[in-house]
Amino acid sequence: MISSQQMRAARALLGIDQKTLAQMAGLSLPTIQRMEASAGNVRGVVESLTRVVEALEAAGVELIGEGAPSLDGGRGVRLKARRSQA
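The model shown is predicted, which means the values in this text are computed figures rather than measured ones.

A.B. asks: Looking at this model, I keep getting lost on the UniProt feature "domain: HTH cro/C1-type" (unreviewed entry) in the protein. Mind explaining?
C.D. replies: In the UniProt entry, the feature "domain: HTH cro/C1-type" (unreviewed entry) is given for residues 7–36. Along residues 7–36, the helical share is 80% and the strand share 0%, with 7 Å between the first and last C-alpha atoms.

A.B. asks: Before we go on, may I ask you to explain the packing of helix α2 (residues 18–25) against helix α4 (residues 46–58) in this structure?
C.D. replies: Between two packed helices, the angle of one axis relative to the other and the distance separating the axes together describe the packing. Interhelical geometry of α2 versus α4 gives an angle of 100° and a closest axis separation of 8 Å. Of the possible angle classes, the one that applies to α2 and α4 is roughly perpendicular. Along the contact surface, α2 presents L21, M24 and A25, while α4 presents R51, V52, A55 and L56. Its residues placed into classes, the contact of α2 with α4 shows 6 nonpolar, no polar and 1 charged.

A.B. asks: Can you help me understand the packing of helix α1 (residues 4–14) against helix α3 (residues 29–37) in this one?
C.D. replies: Interaxial distance between α1 and α3 falls to 7 Å at its minimum, and their mutual angle equals 120°. Judged on the interaxial angle alone, α3 and α1 are oblique. Every residue of α3 that contacts α1 at S4, M7, R8 and R11 is listed here: I32, M35 and E36. Its residues assigned to classes, the contact of α1 with α3 shows 3 nonpolar, 1 polar and 3 charged.

A.B. asks: Any chance you could explain the environment of I16 here in plain terms?
C.D. replies: Within the secondary structure, I16 is located in the loop between α1 and α2. By relative accessible area, I16 is classed as buried at 18%. In contact with I16, not counting residues within four places along its chain, are R11, L21 and M24.

Basis of the calculations
Residues numbered from 1 in each chain as written. Predicted model: local features only at pLDDT ≥ 70, side-chain atom pairs only at ≥ 80, totals over all residues. Heavy atoms only, no water. UniProt positions renumbered as here; feature names shortened; annotations may be inferred. Helix = DSSP H or I, 4+ residues; strand = E, 2+ residues; numbered from the N terminus. Axes fitted to C-alpha atoms, helices over the stretch in contact; angles between N-to-C directions. Parallel < 35°, antiparallel > 145°, perpendicular 65-115°, else oblique. Contact = heavy atoms within 4.5 Å. Nonpolar A, V, L, I, M, F, W, Y, C, P; charged D, E, K, R; others polar. Buried < 20%, exposed > 50% of the residue type's maximum accessible area, 1.4 Å probe, protein only.

Spelled out as structure tokens, the structure:
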């Protein structure tokens, strides 16, 4: 659904801290901290994940899934797939 790296990057793009994201999503600060501490995809209650995604999207962030095109016009960043080094 969303990776911990995406959450941190989205917050950075918005210029907000974890406390502000928690308020926007109607969640506790420790919940946001646990989500961002996850390795890879965020683990947590589906409802909490949905609230975070909706809060970020309402604030203007487009979360782009793996291999999905960005359909909105706006500036952004995206991680390239890592290539294995031989």
